[in-house]
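This is what each chain is made of:
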Amino acid sequence: MHRRRLRPAVLTLAVIASLLASGTVTAPPAVAAPAGGKKVIANLFEWNWPSVASECASTLGPKGYGYVQVSPPQEHVRGNQWWVAYQPVSYRIESRKGTRAQFESMVDGCHAAGVKVIVDAVVNHMSGQANGGTGWAGSSYQHHAYPGIYQGQDFHYCGRNGNNDIVDYHDRYEVQNCELVNLADLRTESDYVRSRLAAYLNDLLSLGVDGFRLDASKHMPAADVAAIRARLSRPAYLVQEVIHGAGEPITPTEYTGNGDVHEFRYGKDLARVFRSERLAYLRNFGEGWGHLPSNVSSVFVDNHDTQRDDGGVLTYRDRGIYALANAFMLAWPYGSPTVMSSYTFSGRDAGPPSDGNNKTLSTTCYSGWECEHRWPVIANMVGFRNATEGAGVSNWYDNGYQHIAFSRTGRGFITINDEDFAVNGRSYHTGLPAGRYCDVIHGTFAGGTCTGPVITVDANGWFAANVPAHDAIAIHLSARLP
Ligand code: ARE
Ligand code: CA
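Calculation notes
Residues numbered from 1 in each chain as written. Chains lettered and ligands numbered in written order. Predicted model: local features only at pLDDT ≥ 70, side-chain atom pairs only at ≥ 80, totals over all residues. Heavy atoms only, no water. Donors = N, O, S within 2.8 Å, 3.2 Å for Na, K, Ca; no water. Buried < 20%, exposed > 50% of the residue type's maximum accessible area, 1.4 Å probe, protein only. Axes fitted to C-alpha atoms, helices over the stretch in contact; angles between N-to-C directions. Helix = DSSP H or I, 4+ residues; strand = E, 2+ residues; numbered from the N terminus. Parallel < 35°, antiparallel > 145°, perpendicular 65-115°, else oblique. Contact = heavy atoms within 4.5 Å. Nonpolar A, V, L, I, M, F, W, Y, C, P; charged D, E, K, R; others polar. Disulfide = S-S within 2.5 Å.

Focus: the coordination of the calcium ion (ligand 2)
No. 1: The coordination sphere of the calcium ion (ligand 2) contains the protein donors Asn124 (OD1), Gln176 (O), Asp185 (OD), Asp185 (OD) and His219 (O), at a distance range of 2.4 to 2.7 Å.
No. 2: When the donors of the calcium ion (ligand 2) are listed by position in the chain, the intervening gaps give N-x51-Q-x8-D-x33-H. Of the two residues, Gln176 and Asp185, both sit in the buried class.

Here is the structure:
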């Protein structure tokens with residue numbers, strides 16, 4: 001059996017390139033999937049608002065990202081851990097990441113750059129502080145009391161496990177009516193709570209926001225999510241966080257009527273393929289592997305939780321192989337892809353680079369921040385995704401192990417060689433029009449020129465090239481030389 005080897009410490013070209021650089025009749029329907037030609041989401045995890053704004057203008061727009069996903073913008077508990085953002089104390093848009101005015105100008109700036117904005121919305125719960133306190137913006141609160149917003153009657157007290165906490169994920173009632181890690185669980189079945197949550201989301205829509213990632217969706221019945229959605233003042237993209245858990249009664253499929261759902265199996269399976277199985281198995285990746293239907297599936301190599309809590313997934317720490325896994329995700333027509341962008345961390349709870357008051361500092365790429373979305377391989381493959389949107393897969397090739405290739409019919413072609421050896425002297429059938437194309441894995445196409453190798457496709461749609469170990473070649477119609 002073909003087992004994977006220890007990876008050599010040498011940098012492949014890819015690494016070097018990386019381093020260089022269901023509603024009601026009264027409500028409008030929510031948009032079921034990111035709309036328009038540009039669908040790739042960049043998740044600028046924990047970035048402050050001014051930095052998001054400048055990144056939209058400098059990078060996300062020009063590179064073809066369609067959306068930016070931002071971390072929760074509402075007032076949160078105090079502290080320096082990243083996860084304070086997931087403990088709301090009020091719905092004021094005032095956080096360590098910036099003020100309401102900064103948030104609004106970020107949304108406007110991103111829109112001006114052609115980038116839509118998705119907000120991570122924490123709606124299942126409030127804080128988890130046993131003794132209460134004062135929030136980031138000065139609001140005082142108790143675990144089950146948020147003056148002017150929620151009182152004791154607005155929360156669940158499931159009465160299980162001695163402390164109202166969720167223990168058994170195999171118990172549907174417990175998962176939706178008890179507390180996720182002690183976080184005060186809102187009675188999302190109540191009319192008042194629904195109207196308050198919708199008011200928060202509608203406030204964000206009034207600031208121009210285009211969509212929401214609904215945090216902890218599994219912990220709210222799908223019907224509650226639908227009821228909140230039905231109160232939105234205009235259509236918004238929705239993606240629900242429902243982690244597939246083996247044998248659990250609550251499944252991602254229950255939520256697909258509301259909008260997209262994160263497919264957590266995708267990143268785990270992709271990591272296993274790259275680490276210990278065969279790229280050849282990717283031939284039917286996605287639905288063929290039991291994942292959600294493509295049109296409602298939101299996929300990522302890693303997210304902010306899995307990069308910390310799931311040793312199995314690939315992360316920025318995997319460097320070149322991480323870039324190749326993202327290149328595959330962006331080339332393969334399954335789901336709506338999100339590119340993760342991280343800050344560098346060693347401890348699980350460590351917050352982003354911040355000042356002495358825990359205010360998040362502006363992003364400095366490659367110093368404290370990983371900026372995976374800027375890695376040339378990943379950023380250039382966003383252009384590949386856009387150029388090949390809607391095209392099927394053809395010309396699949398694999399060597400039975402770690403070397404694969406496929407066309408996005410008539411629009412693009414990629415070959416990934418994750419063998420420990422170079423594959424030399426081969427020709428590849430692309431089916432693309434004859435011409436000279438920029439290899440976007442090793443070069444950036446701009447102003448009609450390519451900063452890297454040029455691939456010549458002949459009149460029959462073939463090209464010849466060598467592919468180094470742990471490397472790739474990708475070409476597409478929008479990066480064709482004149
Ligand atoms: C922190 C402390 C806790 C403390 C709490 C309250 O770590 O010890 O009790 O504060 O004071 C994030 C962090 C948590 C943090 C929380 C609040 O990860 O550490 O708690 O913020 O600040 C389940 C849920 C899923 C959830 C994951 C983490 O189903 O929704 O757990 N993911 C989202 C976010 C997280 C966030 C929250 C929800 C809370 O993406 O970043 O938590 O807003 C199986 C099940 C899964 C389950 C998983 C882990 O796989 O199938 O459903 O995921 O186990 O338990
Ligand atoms: Ca709940």
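This is not the end of the story, as more comes after the structure.
Re the packing of helix H9 (residues 319–331) against helix H10 (residues 376–388)
No. 1: Put simply, H9 and H10 touch, their axes get as near as 9 Å, and they point 10° apart. Relative to H10, the element H9 is oriented roughly parallel. Contact residues: Tyr322, Ala323, Asn326, Ala327, Met329, Leu330 and Ala331 in H9; Val377, Ile378, Met381, Val382, Phe384 and Arg385 in H10.
No. 2: The residue inventory of the contact of H9 with H10, partitioned by class, reads 11 nonpolar, one polar and one charged.

Examining the state of the cysteines
No. 1: Per the counting criterion, the structure on display carries four disulfides.
No. 2: The disulfide partner of Cys158 is Cys178, and the S-S distance across this bridge is 2.1 Å. In this structure the cystine formed by Cys158 and Cys178 twists about its S-S bond by roughly 105°; its chirality is therefore right-handed. Residue Cys158 is located in the loop between strand E5 (140–141) and helix H4 (172–177), and its partner Cys178 is located in the loop between H4 and helix H5 (191–206); the two are separated by 20 residues in the primary sequence.
No. 3: Residue classification places Cys158 among the buried positions, given a relative accessible area of 12%.
No. 4: Covalent S-S linkage joins Cys438 and Cys450, the inter-sulfur distance amounting to 2.1 Å. Because the sign of the S-S torsion sets the handedness, a value of about 65° for the bond joining Cys438 and Cys450 places this disulfide among the right-handed ones.

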